[in-house]
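# A structural walkthrough
Residue-level listing of the chains:
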Amino acid sequence: FRTFEIEFLEKLGESVASTLSNIKVTQQTKLLLEESQQQSESLKAQEEELRQNMEELSATQEELVRKQQESSNILEKFNLITQTTKEGLWDMVVPANMDINDHTPFFWTDRFKQMLGYTNETDFPNVLHSWSDLLHPHDKENTLNAFAEHLNDTTGNTPYDVEYQLKLKNGEYRWFRAIGNTLRNPQGKPIRIAGSLIDIQALKDMQSLQNELELKIEERTKEVNKLLYASKEKNEQLTAQEEELRQNIEEMQATQEALALKNKEIAKNAAESASVIRGIDEVM
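Fair warning: this is a prediction, and the values are worked out from it, not measured in the lab. (Residues numbered from 1 in each chain as written. Predicted model: local features only at pLDDT ≥ 70, side-chain atom pairs only at ≥ 80, totals over all residues. Heavy atoms only, no water.)

Moving on, we get to the pairing of strand S1 (residues 88-93). In this sheet, strand S5 (residues 190-199) lies alongside S1 in antiparallel orientation, the contact comprising six bridges. Of the residues in S5, the one forming a bridge with Val 93 is Arg 192. Sheet topology places S1 next to strand S2 (residues 107-108); two bridges connect them, and they run antiparallel. Considered in S2, the bridge of Asp 91 is made with Phe 107. (Pairing = 2+ DSSP bridges. Helix = DSSP H or I, 4+ residues; strand = E, 2+ residues; numbered from the N terminus.)

Structure, rendered in structure tokens:
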């Protein structure tokens, strides 16, 4: 080949190479643009999804704050009520297997514990035996049986309303009344039971005082009846004596009247005799 032909081919090759390079760069750029566009669209979609998630999260957080505020208000009301009420409240979640034992968790309010002379969970743990161990020996069996019968009655017709004595922290026994209500599922199985404890010692003292008073009244009534019976007998005796006295007086009056008549007759006879004697004397 001649020199100008070689130069022409070299320049032509450079031009072709440049063209091919530009085509390749263009294709790569197009691919990169497409990928970038796809990534941009994907990013936008992710950003939109993230924005929606953020909005949902924000709404959820607001709802959570509102729920927490409501729960806080309910808790404040509950604490205020438990502090002011004279009743001790209690609560138990019934185990699914109905296996209620000494270690079954119970919730006793501070008021409940204070009624028995205790202060907190340290000296009165939130378990069943904290209460059951304090039941008077004469009341324990009946009380626990009543509690079990109430829970096991799926009809809900067996109430839990019992009176029993509990041992206080100072060792004394005091009368209380316990009332419970149970939440049940559609089959009647107990889910949760809650109730209250009421101090009825004053009522029991009043009943005892009333019984004592009634006994004294009964005894005094018997004594009065005896006195009335004796008085009645005395009155009957006095009545009989009065009747006898009345009859004696009547007899005495009749005797006096008869004696007065006799005296009159004697006086009359004496006067007549005296007149006869005077007449005889005059004749003589």
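Let us look at the pattern of salt bridges. For the structure shown, the criterion picks out nine salt bridges. A salt bridge links Arg 51 to Glu 48; the shortest N-O distance between them is 2.3 Å. With Arg 51 and Glu 48 both in helix H1 (residues 3-84) and three residues apart, this pair spans about one turn of that helix. Owing to a relative accessible area of 37%, Arg 51 belongs among the partly exposed residues under this scheme. Close ionic contact of Asp 123 with Lys 169 constitutes a salt bridge, the shortest N to O distance being 3.3 Å. Note that Asp 123 is positioned in the loop between helix H2 (110-115) and helix H3 (129-132) and Lys 169 in the loop between strand S3 (160-167) and strand S4 (173-184), a separation of 46 residues in sequence. (Salt bridge = Lys/Arg side-chain N within 4 Å of Asp/Glu carboxyl O. Buried < 20%, exposed > 50% of the residue type's maximum accessible area, 1.4 Å probe, protein only.)

Another point: a nonpolar patch on the surface. There is a patch of nonpolar side chains on the surface, built from Phe 8, Leu 9, Leu 12, Val 16, Leu 20 and Ile 23 and spanning about 560 Å² of accessible area. Along the chain, the position of Leu 9 falls in helix H1. (Patch = residues over 30% accessible without salt bridge, like charges linked within 9 Å, V, L, I, M, F, W, Y side chains within 5 Å. Areas by Shrake-Rupley, 256 points an atom, 1.4 Å probe, with all protein chains shown as cover.)

What follows concerns empty space enclosed by the protein. This structure, assessed with the given rule, holds one cavity of 30 Å³ or more. Looking at the largest cavity, its volume works out to about 70 Å³. The residue inventory of the lining of the largest cavity, partitioned by class, reads 10 nonpolar, no polar and no charged. (1 Å grid on protein atoms, 1.4 Å probe; cavity = no way out; pocket = protein on both sides within 12 Å on 5 of 7 lines; lining within 4 Å. Points joined across faces, edges and corners; volume = space filled by probe spheres on them. Nonpolar A, V, L, I, M, F, W, Y, C, P; charged D, E, K, R; others polar.)

Another point: the confidence of the model for the chain. When pLDDT is averaged along the chain, the result is 82; 90% of the residues meet or exceed 70. Mean pLDDT in the chain bottoms out at H1, which sits at 76, and peaks at S3, which reaches 96. (pLDDT = per-residue confidence, 0-100.)

Tallying each qualifying case throughout the model produces 12 aromatic pairs. Plain terms: the ring middles of Trp 108 and Phe 112 are 4.8 Å apart, the flat faces sit at 35 degrees to each other, and that makes the pair tilted. Aromatic ring contacts, followed pair by pair, group Trp 90, Phe 106, Trp 108, Phe 112, Tyr 118, Phe 124, Trp 131, Phe 147, Tyr 160 and Tyr 164 into a single cluster. (Phe/Tyr/Trp six-rings, centres within 6.5 Å; stacked < 30°, edge-to-face > 60°.)

The strand order across the open sheet built from five strands is S2-S1-S5-S4-S3, with neighbouring strands paired in antiparallel fashion. Edge positions in the sheet fall to S2 and S3, since each has one partner strand and no second.

With that settled, consider the nonpolar core. Leu 116, Trp 131, Tyr 160, Tyr 164 and Leu 166 are the most contacted members of the largest nonpolar core, which has 26 residues in total. Those elements that provide at least two residues to this core are S1, H2, helix H4 (140-152), S3, S4 and S5. With residues near it in sequence (within four places) discarded, Leu 166 still touches Leu 116, Trp 131, Leu 134, Leu 135, Glu 172, Tyr 173, Arg 174, Phe 176 and Leu 197. (Core = buried A, V, L, I, M, F, W, Y, C linked by side-chain atoms within 4.5 Å. Contact = heavy atoms within 4.5 Å.)

Taking 1.5 Å as the rise per residue, H4 with 13 residues should run 18 Å; its terminal C-alpha atoms sit 18 Å apart, in good agreement. Taken together, the buried positions of H4 are occupied by Thr 143, Ala 146, Phe 147, His 150 and Leu 151. All buried residues of H4 fall inside an arc of 130 degrees around its axis, so they share one side. Facing away from the buried surface of H4 by more than 90 degrees, the exposed residues are Glu 141, Asn 142, Glu 149 and Asn 152. (Expected span 1.5 Å × (residues − 1). Arc of directions from axis to C-beta.)

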